[in-house]
Each structure stands twice: as structure tokens, then as C-alpha cells.
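Geometric and topological summary
Spelled out, the chains give:
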Amino acid sequence: MDKNLMMPKRSRIDVKGSFANGPLQARPLVALLDGRDCSIEMPILKDVATVAFCDAQSTSEIHEKVLNEAVGALMWHTIVLTKEDLEKFKALRIIVRIGSGTDNIDVKAAGELGIAVCNVPGYGVEEVADTTMCLILNLYRRTYWLANMVREGKKFTGPEQVREAAHGCARIRGDTLGLVGLGRIGSAVALRAKAFGFNVIFYDPYLPDGIDKSLGLTRVYTLQDLLFQSDCVSLHCTLNEHNHHLINEFTIKQMRPGAFLVNTARGGLVDDETLALALKQGRIRAAALDVHENEPYNGALKDAPNLICTPHAAFFSDASATELREMAATEIRRAIVGNIPDVLRNCVNKEYFMRTPTTAAAGGVAAAVYPEGLNGGYYTGALHHRAHSTTPHEGPHSTTNLAAAAAAAAAALAPPPPGSNSSTSSSSVAAAAAAVAAAAAAAALLPVPVPVPGPGSGPGPLPQVPLPQPLSAPDPNNHLSSSNKNEVKADSSEAP
């Protein structure tokens, strides 16, 4: 029986309780899960960690020592970590995806297990944008097919042969390029496409107003409008549960007949079988794909005409590959020598680590819950301060004012002197009520002291501080995740 199946599962961490999010232990183990080459990572990590490689395609191929001891993991896109896979790791604290997409990691389950998940969103922007333009130009000018004809020995003896071979070539200037998602790469493609004479439109409902003005683009507010107006559609968004098979039978029917399609983002955005049929029927003139839902690819598109496929390589150049691995290793190093999640630059599940601990609103108690050296003072500092408000307030009230209010109340409540009439008594009672109300309001403004146990007394229960709800703010780099549009979550980096 597989040893991994017999190993006890990693217990779920109570994210509402205290975290030991301080620096990791001395000489921790960091593993490259699905690769062998650590030549770039080693110089960055060798003085703070032991680095090992697994070259695995699944967690069943990972050595038991790594499952039990690894506190950090680096991974490409060739291995998938589900909740069950993550539970096999007993000491794991951080995963860094060597790339931008995290759809091969159960990010929610990782957060619940206390594992930070990071990515590298800023690498390869130029490479992917350049590759996208290269594919668009090939579709318009049919360079790929014409070069293959020459390679295969076809003779062009006159304009008739050229016209026949180059049938389908189109002029770029004046055509409309529609970008689904305007993150880093989408923006880079837009600027390049404008130089070629494209009229560039985009759909990205999570971007603030005015982006179109600053870049000189045209914004549309529904995917249907973009597909209807575009001569060429290029995808630049992440893959999520809302936009799987974004390009399907229904959306292809909304595209202009004879439009082009380019995908350098995520393979799961396109329904391959539907695209193959549309290419055979000529509804889509030509398509270029750098990514596929299942890689390496072997599916319905292999016999489709007018199709360019490249092996998920749009991100690659010698410079970008080195930059990518250096940035991933540096993120792991920050986690080892610093405090999770404070030091992490690209943590995609940071909300699971930003809970306020259950403790008193006294600084000394915070120090007891989180000793010095843990959390880098993150929680401790927060507990020393009272809550702030954006509403302006008057200066704090003093106890002198309280005494005056109390004296006024007492005087008003004193029995009326003999001979006073009833109206005067009624006025006195009303004044007394007003004075008592003023005194009570002033007393409510004074801070309530925290009781301190006396000598010899046992530790009493700590006052309870309400826990905040989990944060769910969208990542500014990943824009579009629509629950009502079936659509897209724009991302800056569509490369792996």
C-alpha cells in the first residue's frame, strides 16, 4: 500500500486562533516539487535553507521526508495540489508558484491549513505581449502558412499562385482588436496593437473608470458587445469557476463571422471541441493558441484547419526565465527570514492570516499571546491602539466636567424650599433629568479600565475582542471575477 495513504492527515489550523507566523525554524527544508534544476534558486536560498528537488508529477511521487519536513515549496504548473494533497504536508508554511496562475492549487484549502500561497505576477509581461502580437500578425498576414508552403516545395510562378496561397490575408489598419481583460499583459498588448493601427477595445468590469482615457482605448461594458464589435479577440484573463470555457458554442455565435481568436492566457478559457468545429465551418477564420486545457495537448484541435499552436511558451525568454525563478526564490527567502504574511509581496490568500486574536485590549496581554519574535509585532502593535474613526470628535471630557454635571444633578433633585409653587418644582424635576442625562453621557466617554489581577490571584478570563470577518477584497492585479456575467477575471500575467 502507498505509504502516503497511510500517513495521518494534516490537521486544519483554526484561523481564528493564534498563529505562530514568525520566522521559520533554522535551516528549514525547501523543495522544488515538479522540477530538477535548482541552479538559480540555490544561490538565493543556500544560506538560509536546505534546497531539494522532487521532479514529481503528483504528491504520490514526493519523498516522505519532504512531506514531513518541508516548510516551503516551489512549483511550476505541471503538478496539482488539491486539499487532500496539501493535507499530506505536515510542516508546510508557504507555496510559491513559479508563474502567475494558481489554478493548480486549492488556495482556499491552503489558507485553512495555514499555508500561504504566493505567485510571481510581474514576470514575462513583455514576452507574453510580444508573443500575442506575433500570433495576431501571423493570423492576419498568414506568415506561418506561407512559410510552410515554401518549406514543402510549393512553387509560386505568378500572382495567381500567390493570390491562391495567401487567400485570407487581411489588412490590419482600421480593424478592431478586442481584449478580454486589461491587466499588465492586456495593457502591454493594447499599446503594441495601437502602433500597428488597430482600433483597440477592451472588456474588464473590475477596472476603475478612466483607464480607457489614460491609455487611449475604447471600453465596452459587456462581453457580448466586445465579441460583436471585434475583428480579432485576444484573451488576457485568469481562469476561475465563472469563466471556464468562456469561448463556447454560445459566445462563438456572438462573434463576427470570420473573426480571429488568440489565447495566451489559460487553456480552460476555450472549449476546444467547439473551436475545432467553428474553424472547420469557417465561422472563425483562424486561431492561435499558446495554452490548452490539457497539456501536452492531444485533442480535438489537432485536425482543425487554420490553427497555430505553440507549447505554452509565450512567457519564455532567457531573461524572463531567470527573472521568474529569482523572484520566486526571493519570496521563499522573505518567508524564511521574515514574518508570514507581512513580508510576502504576492500572497494570494493573505486574508486567512489577517485575523485579530481573541485577547484583551491591553498591550501586556498581547505580548503574552504573541511573545516577542513572533509576528514581528504585527498583532501586538495593533492591540495598543484604540479604534480610530473618520468622524471628527470634540476633545476628551475631563472628570471635572463630570463632577460639575453630578453637582448640578444633585442640586436639581434637592427638595424645593417651603412656599415654592408647583410650576417651579416641575421645572426643577425637568432640570434634574437633563443634568442626570448629561452626566451619564459624559461618563460613557471615559475609557473603561482593564482589571489587573492582584498579587496571588489566579489568571482570570480575558475580555473577549470580537473577531473580524474574513477579508475578501479582490486582488488589484487580478481584476475580473464575475458572478453575474459568466465572464472573466483580468490578470496581469497569463503566462504559466
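Below, the structure is looked at part by part.

**Section: a nonpolar patch on the surface**
Side chains of V150, F156 and V162 sit close together on the surface and give an oily, nonpolar patch of about 240 Å² of accessible area. Relative to the assigned elements, F156 resides in the loop between α7 (143-151) and α8 (159-165).

**Remarks on the sheet that holds strand β11 (residues 259-263)**
Read across the sheet, seven strands follow the order β8-β7-β6-β9-β11-β12-β13 without closing on themselves; strand pairing throughout is parallel. Whereas interior strands pair on both sides, the edge strands pair on one side only; in this sheet they are β8 (218-220) and β13 (307-309). Going from strand to strand, the sheet's axes swing by 20° on average, the running direction of each strand aside. Relative to strand β7 (residues 199-203), strand β6 (residues 176-180) runs parallel, the two being bridged by five bridges. Directly across from L177, in β7, lies its bridge partner V200. Lying on the sheet, helix α6 (residues 125-141) is in contact with β6, β9 (232-235), β11, β12 (284-289) and β13; it crosses β11 at an angle near 155°.

**Some words on helix α9 (residues 184-195)**
Spanning 12 residues, α9 covers 17 Å between terminal C-alpha atoms, matching the ideal 16 Å at 1.5 Å per step. Of all the residues in α9, the buried ones are I185, G186, S187, A188, V189, A190 and A193. The elements touched by buried residues of α9 are α6, β6, β7 and α10 (211-215). G197 sits one or two positions beyond α9 and adopts a positive phi of about 100°.

**Overview of helix α13 (residues 272-281)**
Because each turn of an α-helix spans 3.6 residues, side chains separated by three or four positions in sequence point in the same direction. Residues of α13 that are buried: D272, T274, L275, A276, A278 and L279. In this fold, the buried residues of α13 make contact with α12 (249-254), β11, β12 and β13. Two to three positions downstream of the cap, the backbone nitrogen of E273 sits 3.3 Å from a side-chain oxygen, assigning the N-cap of α13 to D271.

**With respect to the pairing of strand β1 (residues 29-32)**
Residue alternation in β1 divides its side chains into two sets, L29 and A31 and V30 and L32, and both sets are buried. As judged from the four bridges shared by β1 and strand β3 (residues 70-75), these two strands associate in the parallel manner. Bridge pairing in β3 links L32 to L74.

**Re the state of the cysteines**
Throughout the structure, instances matching the rule amount to zero disulfides. No disulfide involves C38; its nearest neighbouring cysteine sulfur is the one of C54, lying 9.0 Å away. Classification of C38 as buried rests on a relative accessible area of 11%.

Parameters and conventions
- Residues numbered from 1 in each chain as written.
- Predicted model: local features only at pLDDT ≥ 70, side-chain atom pairs only at ≥ 80, totals over all residues.
- Heavy atoms only, no water.
- Patch = residues over 30% accessible without salt bridge, like charges linked within 9 Å, V, L, I, M, F, W, Y side chains within 5 Å.
- Areas by Shrake-Rupley, 256 points an atom, 1.4 Å probe, with all protein chains shown as cover.
- Salt bridge = Lys/Arg side-chain N within 4 Å of Asp/Glu carboxyl O.
- Helix = DSSP H or I, 4+ residues; strand = E, 2+ residues; numbered from the N terminus.
- Pairing = 2+ DSSP bridges.
- Axes fitted to C-alpha atoms, helices over the stretch in contact; angles between N-to-C directions.
- Contact = heavy atoms within 4.5 Å.
- Expected span 1.5 Å × (residues − 1).
- Buried < 20%, exposed > 50% of the residue type's maximum accessible area, 1.4 Å probe, protein only.
- Polar contact = N/O pair within 3.5 Å; in protein donor to acceptor, adjacent residues only side chain to side chain.
- Disulfide = S-S within 2.5 Å.

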